[in-house]
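Survey of secondary and tertiary structure
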Amino acid sequence: MLENAKKITVIGGGIWGQTLANLARRNYLTVRVWSRHTGEDLGAIIADTDVIISAVSIKGVVPTIEQLQQLQLNSSTIIVTATKGLEPITTRTPFHLWNQAFPANPLVVLSGPNLAKEINQGLPAATVVASYQQKAAILLQKLLSGESFRVYLNSDPLGTELGGTLKNVMAIASGVCDGLQLGTNAKSALLTRALPEIIRVGTCLGGCQETFFGLSGLGDLLATCNSPLSRNYQVGYQLALGLSLPEVLAKLEGTAEGINTTEVLMRIAQEKNLYVPITCQVDRLLRGEISPQVAVYELMRRDLKAEFD
Ligand SMILES: NC(=O)C1=CN([C@@H]2O[C@H](COP(=O)(O)OP(=O)(O)OC[C@H]3O[C@@H](n4cnc5c(N)ncnc54)[C@H](OP(=O)(O)O)[C@@H]3O)[C@@H](O)[C@H]2O)C=CC1
Ligand SMILES: O=C(CO)COP(=O)(O)O
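Thresholds applied
Residues numbered from 1 in each chain as written. Chains lettered and ligands numbered in written order. Predicted model: local features only at pLDDT ≥ 70, side-chain atom pairs only at ≥ 80, totals over all residues. Heavy atoms only, no water. Helix = DSSP H or I, 4+ residues; strand = E, 2+ residues; numbered from the N terminus. Contact = heavy atoms within 4.5 Å. Lys, Arg positive; Asp, Glu negative; His and termini not counted. Charge placed at Lys NZ, Arg CZ, Asp CG, Glu CD. Pairing = 2+ DSSP bridges. Axes fitted to C-alpha atoms, helices over the stretch in contact; angles between N-to-C directions. Near = heavy atom within 4 Å. Polar contact = N/O pair within 3.5 Å; in protein donor to acceptor, adjacent residues only side chain to side chain. Areas by Shrake-Rupley, 256 points an atom, 1.4 Å probe, with all protein chains shown as cover. Nonpolar A, V, L, I, M, F, W, Y, C, P; charged D, E, K, R; others polar. UniProt positions renumbered as here; feature names shortened; annotations may be inferred. Buried < 20%, exposed > 50% of the residue type's maximum accessible area, 1.4 Å probe, protein only. Salt bridge = Lys/Arg side-chain N within 4 Å of Asp/Glu carboxyl O. Parallel < 35°, antiparallel > 145°, perpendicular 65-115°, else oblique.

Turning next to the overall build of the chain. Of regular secondary structure, the chain possesses 14 helices and seven strands. Across its three principal directions, the C-alpha atoms of the chain cover 60 × 35 × 35 Å. Relative to all contacts within the chain whose residues are 6 or more apart in sequence, the contacts with residues 24 or more apart total 71%. Side chains of the chain give 26 positive and 26 negative charges; the mean places of these two sets differ by 2 Å.

In structure tokens form, the structure reads like this:
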């Protein structure tokens with residue numbers, strides 16, 4: 001098959017980059033993983049690559065883009081962004097940053113309920129590839145799909161990306177909820193109220209409402225908020241057990257993007273006058289201004305309101 005001849009370069013050798021590389025290898029594709037530490041010449045690697053998958057954490061997105069801008073990137077090379085975060089200086093999403101830097105290249109967002117450790121065990125999972133360039137998304141769907149990995153198409157890259165990014169804040173809140181043993185009612189209320197908060201922000205930033213009810217929105221919210229495998233959930237859980245944020249981070253394997261996202265999201269919410277009560281309490285908790293118990297109290301004692309205001 002034509003797609004089997006494609007060459008893929010994954011940038012970022014963290015757990016998500018390695019997982020995506022393994023998924024492509026299962027389909028007998030030629031895959032190379034490049035990271036800052038491999039010492040390999042990125043220019044030589046991307047010279048004949050058909051697809052670049054960026055799986056770096058948000059702090060690596062701008063440095064990666066700047067490095068690629070120094071190289072000769074073919075305008076037909078498809079760029080896939082799999083990062084779930086907001087860039088702190090510009091508050092932009094990776095989709096915006098990649099699109100601005102490489103406007104001629106087809107750009108695809110990959111996001112969904114995808115806990116890397118489960119995928120590496122071969123457990124079934126589904127994800128979304130979203131693009132304004134449908135041909136590129138269809139190619140990615142073919143390249144990554146397999147018996148245990150089902151890839152859906154979507155034409156709303158921003159909404160797809162924002163669902164995966166914003167749920168990380170909610171995963172911290174969910175970890176707090178479980179760490180404090182607040183019970184199933186509290187957890188259901190939290191996750192149900194988290195979705196409209198995500199939608200309020202996500203649609204204001206350009207995502208389509210419908211997308212947030214799909215795999216990359218509600219799907220990823222459920223996965224991340226219910227799994228101890230999630231680093232963001234672990235941050236909230238360990239804070240609820242009484243650890244300080246530096247203590248939690250010292251023990252954490254990999255990146256919890258929700259910490260940076262919370263801070264950036266608060267700035268966006270203030271600028272755009274968006275009501276983000278859960279994010280606001282997560283922010284105060286991460287800053288060490290309040291305890292987990294006070295965060296819960298503050299959420300519960302807000303003015304009473306209609307459910308769908
Ligand atoms: N883990 C998961 O289950 C999933 C993660 N994601 C998202 O994918 C992204 C990466 O996650 P994950 O692999 O888990 O994170 P890790 O912490 O395991 O890896 C971080 C990656 O980012 C790269 N990086 C960090 N800073 C820089 C920098 N300044 N310049 C260049 N590269 C940098 C690292 O590069 P290097 O290899 O050179 O050290 C590494 O590859 C995150 O946005 C995450 O939210 C999305 C879906 C699932
Ligand atoms: O995005 C993820 C699952 O879809 C991974 O979650 P964490 O980054 O919280 O581990």
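Looking now at the sheet that holds strand 7 (residues 149-154). Strand pairing in a sheet relies on backbone hydrogen bonds. The paired strands run either parallel or antiparallel. Strand order in this open sheet of seven strands is 2-1-3-4-5-6-7, and the pairing throughout is mixed. The open sheet is flanked by strand 2 (30-34) and strand 7, the only strands paired with a single partner. For this sheet the average axis-to-axis angle between neighbouring strands, irrespective of direction, equals 25°. Bridge analysis of strand 1 (residues 7-11) against strand 2 gives five bridges, and the strand direction is parallel. Bridging from a neighbouring strand, Ile11 pairs with Trp34 of strand 2. Running at roughly 170° to strand 2, helix 1 (residues 15-26) makes contact with strand 1, strand 2, strand 3 (51-54), strand 5 (107-111) and strand 7 of the sheet.

What follows is about the site of ligand 2. Neighbouring ligand 2 are Lys84, Gly112, Pro113, Asn114, Leu115, Lys167, Asp220, Thr224, Leu229, Ser230, Arg231 and Asn232. One of the side-chain nitrogen or oxygen atoms of Lys84 is found 2.8 Å away from an oxygen atom of ligand 2. At a separation of 2.7 Å, an oxygen atom of ligand 2 approaches a polar side-chain atom of Asp220. Protein chains shield 92% of the accessible area of ligand 2, which is 300 Å² for the free molecule.

Glancing now at the site of ligand 1. Residues in close proximity to ligand 1 total 24 residues, the closest being Trp16, Ser57, Ala116, Thr255 and Glu257. Within the backbone of Gly14, one N or O atom sits 2.9 Å away from an oxygen atom of ligand 1. For ligand 1, the protein covers 86% of the area, taking 880 Å² as the surface of the free molecule. By residue number, the principal contributor to the shell around ligand 1 is helix 3 (residues 58-69), which donates three residues. Tallied by class, the residues present in the shell around ligand 1 amount to eight nonpolar, eleven polar and five charged.

What follows is about the UniProt feature "active site" (unreviewed entry) in the chain. UniProt feature "active site" (unreviewed entry): in the numbering of this structure it lies at Lys167. With respect to the element layout, Lys167 can be found in helix 7 (residues 157-179). For Lys167, a relative accessible area of 4% translates into the label buried. For Lys167, the contacting residues outside a window of four places in its chain are Lys84, Ile198, Asp220, Leu221 and Thr224.

Our focus in this paragraph is the pattern of salt bridges. Tallied over the full model, the rule gives ten salt bridges. Among the salt bridges present, the one from Lys167 reaches Asp220, with a minimum N-O distance of 3.8 Å. Of this pair, Lys167 sits in helix 7 while Asp220 sits in helix 9 (residues 215-226), placing them 53 residues apart in sequence. Grouping residues by exposure puts Lys167 and Asp220 together as buried. Notably, a salt bridge pairs Arg301 with Glu298, separated by 3.4 Å at the nearest N-O pair. Residue classification places Glu298 among the buried positions, given a relative accessible area of 18%. What you see here is one network of salt bridges that share partners, running through Lys7, Arg32 and Asp48.

As a further point, take the packing of helix 3 against helix 4 (residues 94-101). In contact at an axis separation of 11 Å, helix 3 and helix 4 are set at 10° when each is read in the N-to-C sense. Considered as vectors, helix 3 and helix 4 are oriented roughly parallel to each other. Here Ile58, Val61, Val62, Thr64, Ile65, Leu68 and Gln69 of helix 3 lie close against helix 4, whose contacting residues are Pro94, Leu97, Trp98 and Ala101. For the contact of helix 3 with helix 4, the per-class residue count stands at nine nonpolar, two polar and no charged.

It is worth spelling out the UniProt feature "binding site: substrate" (unreviewed entry) in the chain at this point. The UniProt feature table records "binding site: substrate" (unreviewed entry) at Lys84, Arg231 and Asn232. Taken along the chain, the residues just named run across 149 residues; in space they keep tight, none of their C-alpha pairs more than 12.6 Å apart. The topology assignment puts Lys84 in the loop between strand 4 (78-81) and helix 4. With relative accessibility at 16%, the residue Lys84 sits in the buried group. Setting aside chain neighbours within four positions, we find Lys84 in contact with Ser111, Gly112, Gly164, Thr165, Lys167, Asn168, Asp220 and Glu257. In this structure the side chain of Lys84 is engaged in a polar contact, spanning 3.0 Å, whose partner is the backbone oxygen of Gly112. Within the secondary structure layout, Arg231 lies in helix 10 (residues 231-240). The class for Arg231 is partly exposed, based on a relative accessible area of 29%. Each residue touching Arg231, except ones within four places of it in the same chain, is listed here: Ile15, Leu252, Glu253, Gly254, Thr255 and Ala256.

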